[in-house]
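A look at the structure
Residue strings, one per chain:
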Amino acid sequence: MKRKMVAICVFFVLVITACARNSTNGRLYKQGDVILGGLFPLHLAKENGSCSTLRSNVLMYAEAMVFAIEEINKNGTLLPNITLGYDIRDTCGTDQLGVQMASDFVFKNTLRFDFRFQVANTCHARVTSEKQAPILAIIGELDSRVSVNVANVVQVVDLPQISYGASSAELARSEFKSFFRTVPVDDFQSRAMAELVSHYKWTCVAVVGVDDLYGRSGVNAFVTAANETSICIAMHQLFPVLESDVIIEEIVTRLKSMHHVQIIVLYSLVPQATKLFDEARRQGLTDKTWIASDGWAGSSLIHEARFKSIIQGAFGFGFHESEFDDFKQHVINITPRMNKGQWWDEFWKNDFNCLPANVSSSLLKSCSGSERISSERYDIDFSQGVAPYVRDAVYSVAYGLKALLRNCNEHMQLCSERLQPGDLLSSLETLSFEGLTGHIDFKKGDAQAVYDIYNYQEGSDDAFTLVNIGVWNAGKTPKLSLQDDLVQWQNRVKPLSRCGENCKAGTYKSTPNLCSWECIPCDIDTVSDKMDSFECTRCLPAIYRTTITPNVRRFPFNSSSGQIPGEFPWAYLQSHVYFPFWLSW
């Protein structure tokens, strides 16, 4: 009953929203017998929620969805007599736009499938078409924060959602029954990070994350993994997605004051990471080594020259790079002559300072038509992304549809017209297959947990080069494999990272059970003869200690004769801190 009430409330909100709106916020549409919705954060968002800079790497993810659908259609054997279409939208990485796009998909499906709305009315005519097929699944979104809000909308009507990047552990299928993903959950990435830290014998790190579903999940998972591997967390801090300037300033100030802590783990998405690094530049935080989560590790926006002094030598984690050569060839053959829509027009404008011939402009020249992405640039800027995971998300829908339609034979198209999202949801719940990225099992909720590990190294023109230095594979023993000789360290020096200085002999650590300590001198009648001692022991008879040296020396003493050995250092008497009373006579 409670779920029905929620569904009714959501539906009426969607009705009001859809009837009031007859525009799209960036859209790429192609008709088909079955339509897949696509949600991609193609632009960065400003503080006020408006869209700004095009994210060229995300444009490749959207193109990967188009490529996979066209590949399935051309193949003809996976879904014979069925044509897949797409309706791809730009969320700009905001919750509001993500919910708006998902609501639009849900509303149109509801008008089509719910018999109560099979009547002619003005609103119905504006938002639906008899020729337009319903949305049977949504591919997206990239970010966990947006994905969870989309999931709250689409699960009300059993509309399957397959994410190619949302890795938060909080997006469990027990809570979101219509949510699936082709990437591993963050728990694995955090374990991989902890193993990297242990490999280099760093005993103390700082952990920073954005205060959203992705950041909280990743940071909490890393803290758990660190505790299991005896890594101390000297700092554990979250900062908000918006209006974060003051807190980010405080975080950077604190990090700068932690001289012994050289390693910082950052769980963040690209917009928030750039804000943190801008503040790090302002305060001159240039002597730390960062460990990047997949949310920002591979972004070209992070690789800009202005961040060179901050993150040179950093380590980045990314979903394992799978071979996708056909897609690479497809991308490097795209030219402005193909007129692929407004997002590609924006790409040509930003990267080649021109516009396709069909787009008029008094400020920019027309493209020659021969402009294209070089193979070298694709390898540097786009090969580390999630395009293969987008491909597997699309194919999961195709495999789910194939299972539903296997008994239709020559009536395949007629069967597809009767399909509803709930039918596909049931099929996906038992689906497992070998994807481009490895084995995917939706029944168990598992995707193969393999991460590539990159090192940020100096390249030409003050840019960064991401050099693959290793891999972490949950299915192998050992899981971590690194090529240490390939690492380029910050300032060419391998960092040490501990929560305090080494305590010399003659001192002890103040708090042996905590991650931070001070070195306290031993009392005048006590001594420690080892580095990093946790306590000082009381001096025994015939032992003396000086303030000049922490070393302990023993001298035999004959109590019956009262003789003192000739090698006794009388010259040190003035420096004696402790002298046994029975040596005085």
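Each chain has its residues counted from 1, running along the sequence as written. Confidence filtering applies because this is a predicted model: local features only for residues at pLDDT of at least 70, side-chain atom pairs given and counted only at 80 or more, and all residues used for totals across whole chains, interfaces and linings. The side-chain figures draw on all heavy atoms in the structure; neither hydrogens nor water molecules are used.

1. Regarding the pattern of salt bridges
Criterion for a salt bridge: a side-chain nitrogen of Lys or Arg within 4 Å of a carboxyl oxygen of Asp or Glu. What the rule picks out here adds up to 24 salt bridges. As a salt-bridge pair, D211 and R216 come within 3.1 Å of each other at their nearest N and O atoms. Whether a residue is buried, partly exposed or exposed follows from its accessible area with a 1.4 Å probe, protein chains only, as a fraction of its type maximum: under 20%, in between, or over 50%, in that order. For D211, a relative accessible area of 36% puts it in the partly exposed group.

2. Some details on the packing of aromatic side chains
Stacked, edge-to-face and tilted are the three classes for Phe, Tyr and Trp ring pairs, Trp counted by its six-membered ring, which pair at centre distances within 6.5 Å; planes under 30 degrees apart are stacked, over 60 edge-to-face, the rest tilted. Per the counting criterion, the structure on display carries 28 aromatic pairs. Summarising the aromatic geometry, the rings of W296 and Y456 are spaced 6.3 Å apart at their centres and angled 35 degrees between planes, so their arrangement reads as tilted. Placement of W296 in the loop between strand 12 (289-292) and helix 10 (308-311) and of Y456 in strand 19 (residues 450-458) is noted, with a sequence separation of 160 residues between them. Y456 matches W296 in its accessibility class, with the two residues each being buried. Through a chain of ring-to-ring contacts, the aromatic side chains of F180, Y395, Y399, F433 and F442 assemble into a single cluster. We call a charge positioned above a ring when the Lys NZ or Arg CZ atom is no farther than 6 Å from the ring centre and deviates by at most 35 degrees from the ring normal. The ring of F188 has R191 lying over it, and the distance from NZ or CZ to the ring centre is 4.9 Å. Looking at R391, its charged tip hangs above the ring of Y395, at a distance of 3.8 Å from the centre. The numbering of helices and of strands both runs from the N terminus, where a helix is a DSSP run of H or I of at least 4 residues and a strand a run of E of at least 2.

3. Some points on the state of the cysteines
Cysteine sulfur atoms that come within 2.5 Å of each other are treated as a disulfide pair. The tally for this structure, following the rule as stated, stands at four disulfides. Disulfide pairing is shown between C51 and C92; the S-S distance is 1.8 Å. Here C51 and C92 share a disulfide; its torsion about the S-S bond, 105 degrees, makes the bridge right-handed. Note that C51 is positioned in strand 4 (residues 51-54) and C92 in the loop between strand 5 (84-90) and helix 3 (95-113), a separation of 41 residues in sequence. Among the residues examined, C51 registers a relative accessible area of 30% and is labelled partly exposed. A residue is classified by how much of its surface remains accessible, and C92, at 3% relative accessible area, is buried. Across the disulfide from C354 sits C367; the S-S distance is 2.0 Å.

4. Topic: the sheet that holds strand 7 (residues 161-163)
Only when DSSP finds a minimum of two bridges between them are two strands counted as paired. With mixed pairing, the six strands of this open sheet are ordered in space as 1-5-2-6-7-8. A strand with exactly one partner marks an edge of an open sheet, and here the two such strands are strand 1 (27-30) and strand 8 (179-181). Across the sheet, the mean angle separating the axes of adjacent strands is 20 degrees when strand polarity is ignored. In the sheet, strand 1 pairs with strand 5 via four bridges, with the strands oriented antiparallel. Counterpart to K30 in the pairing with strand 5 is Y86. Where helix 5 (residues 144-154) meets the sheet, its contacts fall on strand 2 (34-40), strand 6 (135-139), strand 7 and strand 8, and the angle it forms with strand 7 comes to roughly 165 degrees. Note on contacts: a residue pair qualifies if any of its non-hydrogen atoms lie within 4.5 Å across the two residues. Every axis corresponds to a line fitted to the C-alpha atoms, with the helix fit spanning only the stretch in contact, and the corresponding angles, defined between N-to-C directions, vary from 0 to 180 degrees. Contacting strand 6, strand 7 and strand 8, helix 16 (residues 421-428) crosses the sheet at an angle of about 50 degrees to strand 6.

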